[in-house]
Amino acid sequence: MAIRQLSAETINRIAAGEVVERPASVVKELIENALDAGAREIEIVTAAGGLSLIRVTDDGMGMHAGDLALCVDRHATSKLEGDDLLAIRTLGFRGEALPSIGAIAHLSIASRPRGARDALEIIVDRGTKNPIKPAALNPGTRIEVRELFSATPARLKFLKSERSENLAVSETVKRLAMAHPGVGFSLTMGERVGLRLPQTADTADGMLQRLGRIMGAEFLRDAVPVSGERDGIAVRGFAGLPTLHRPDAAQQFLFVNGRPIRDKLVIGAVRAAYGDLVPRGRHPLLALFVEVDPSEVDVNVHPAKVEVRFQNSATVRSLLIGALRQAIEAAGFRASAQGGARTLETLARTANFEPPAFHQPSRSGPSAPAGFAEQRQAPFEGLDTPTANTGAHDEAVPPEPSPHHPLGAARAQLHETYIVAQTETSVVIVDQHAAHERLVYERLKRMLANGGIARQGLLIPAVIEVGEDEALALEERAGELAELGVVVDRFGPGAVVVREVPALLGTTDIDGLVKDLAADLIADGTAAPLRDRLEAVASRMACHGSVRAGRRLTAAEMNALLREMEATPFSGQCNHGRPTYVELKLGDIERLFGRK
């Protein structure tokens, strides 16, 4: 077959296949045009998932007759100064969207420039361009797309259900609205108003309010500000506390110069920044906005402009990690507010329960034997006060004079597991094991960063039966384990002898610690140095060295734990990503009892 030149209509339909993947693609292109035109209010209306109708109306600068006639021609644009593709400061720039849409649908564009008396309209029906005619319209532009894909009906079978297409449209509008808080958006899908976002101030507070409307009230309560700058690249935005997470990365957003993008860069940076603060398989919530000189980022690498290529991606990644880590550290011991809210919701649902029959608890039961677990845990720093007596009588916990501390003053201990503290405006419930586990872990990390972990010799070396494979794994890594504070030697078939352990752990559960370390080495199955997994090893040791549930604490010990939590970054979650405390606001408790 001889080579021939394709017709303009066929070329436009081929281009439409790249630009217009689904109705949400059309919505994205039209909103970007409105934003580039300086719109302050944008209204989006769709019907039948966007297949029957997509209408986008804005109050932007509008177009004169000459621009209106050119805007539906291929590669006609007002957004490029000269031919420099490395200085793109607008969301659109190729001049492909409108002619591509007009090639596969019925396209109507009405526009009235600011200050003009009359509006004009042009219609392109499946590639056929009609003359310009008068129209009635307020200043701005209205674009209607009807019968999408009617010129390429084969594309219809690849679309999903109307509900799925509506969700995609809504997600597209939300992403663009997040990047432009100073612009009001409204989205109507069929007979239902799907979204209404009023204009907010173009400030950090305004941005957070816009993000809260889209990402939810939990994010609004638990977000911390993120900011940083390096080598002319700036990042700002908000990130959720480590205790606020979800099973997928759908609530992680990255914007570059106001353009929403999808990039593996942000996934890796987030994972590195949050590290061990989030449980495996869970993802934190965040929205980050990167500002970079347009000459240092290529936005012309994807047909839908959803991917970019940075000139120096390593600098951007390092900046994101540093800014996120700094923001999380600044949050200190804060934990997500959703824990307290969910606790109160549960209490409210069960408020009309029948009280159980009263019975005198037995003091000889297994729940709190005297001295249980006192010897198998890391000591509290700076405290020599002995554990509270769990004998025949209980002593009242002496309250602190005033609960001015952020985590308040300890008032009681429940089930030898939970510390109840009182602040000026709330009640705080602390999981003593989870909290102390994080504190021990952070101490171990500081020791590792400062050159090594102090060791203490065992008066009687402990012989541990672990199995032949485990013993061999421990023997091979004995030198590295010694740097981490655990000195082990081979001791016959399937056994090792432990001579020294980290001093910080006290007389810990050596048997369980060594067996768990051996299991980790076997499961890892690589020759990578243990120092490459310091945090994982330290987390394992901290778990064995922390205060166990089932230990009765004195008031001094409980308050010491609270004060150390306040002084330790990341103490709001344990090593497994679970919260170490929940806070119940006094006002919510009063509402629970009908006092408000």
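Structure's up top.
Just so you know, these numbers come straight off a predicted model, no measurement behind them.

Reading guide: rules and limits
- Residues numbered from 1 in each chain as written.
- Predicted model: local features only at pLDDT ≥ 70, side-chain atom pairs only at ≥ 80, totals over all residues.
- Heavy atoms only, no water.
- Helix = DSSP H or I, 4+ residues; strand = E, 2+ residues; numbered from the N terminus.
- Buried < 20%, exposed > 50% of the residue type's maximum accessible area, 1.4 Å probe, protein only.
- Contact = heavy atoms within 4.5 Å.
- Areas by Shrake-Rupley, 256 points an atom, 1.4 Å probe, with all protein chains shown as cover.
- Pairing = 2+ DSSP bridges.
- Axes fitted to C-alpha atoms, helices over the stretch in contact; angles between N-to-C directions.

Engineer: Looking at this structure, how should I read the overall build of the protein chain?
Structural biologist: The helix and strand tally for the protein chain stands at 17 helices and 25 strands. Looking at the protein chain residue by residue over its 596 residues, the buried ones come to 49%. Considering only residue pairs separated by 6 or more positions, the protein chain has 71% of its internal contacts joining residues 24 or more positions apart. Only carbon and sulfur atoms are counted for the fraction: they give 53% of the accessible area of the protein chain, which is about 28,900 Å².

Engineer: Please explain unusual backbone geometry as it appears in this structure.
Structural biologist: Glycine aside, residues mostly have negative phi, and peptide bonds are mostly found in the trans state. In this structure, Ala48 is a non-glycine residue whose phi angle is positive, near 55 degrees. Relative to the helices and strands, Ala48 is located in the loop between β1 (41-47) and β2 (53-58). One non-glycine residue, Asp231, lies in the positive phi region at around 50 degrees. Inspection of the secondary structure puts Asp231 in the loop between β10 (223-230) and β11 (233-240). The exposure class of Asp231 is exposed, given its relative accessible area of 59%.

Engineer: Explain the pairing of strand β13 (residues 252-256) here, please?
Structural biologist: Sheet faces and side chains relate simply in a regular strand, where the side chains alternate between the two faces. Among the five residues of β13, five are classified as buried, and the element is accordingly described as predominantly covered. Of the two faces of β13, the one holding Gln252, Leu254 and Val256 and the one holding Phe253 and Phe255 are both buried throughout. Looking at chain direction, β13 and strand β16 (residues 286-291) are connected through five bridges and run parallel. The residue of β16 that forms the bridge with Phe255 is Phe289. Pairing of β13 with strand β14 (residues 259-261) involves three bridges; the strand directions are antiparallel. Looking at the pairing, Val256 lines up with Arg259 of β14. Linking two consecutive strands that pair antiparallel, namely β13 and β14, is a turn of two residues; a positive phi of about 55 degrees is found at Asn257 within it.

Engineer: Please explain the sheet that holds β10 as it appears in this structure.
Structural biologist: Strands belonging to one sheet form pairs held by backbone hydrogen bonds; the direction of such a pair is parallel or antiparallel. Read across the sheet, five strands follow the order β10-β11-β16-β13-β14 without closing on themselves; strand pairing throughout is mixed. Of all the strands in the sheet, the pair left with one neighbour each is β10 and β14. Pairwise comparison of adjacent strand axes, ignoring direction, gives a mean angle of 20 degrees for this sheet. Sitting on the sheet, helix α9 (residues 313-330) is in contact with β10, β11 and β16, with an inclination near 140 degrees to β10.

Distances and angles like these do not, on their own, reveal function.
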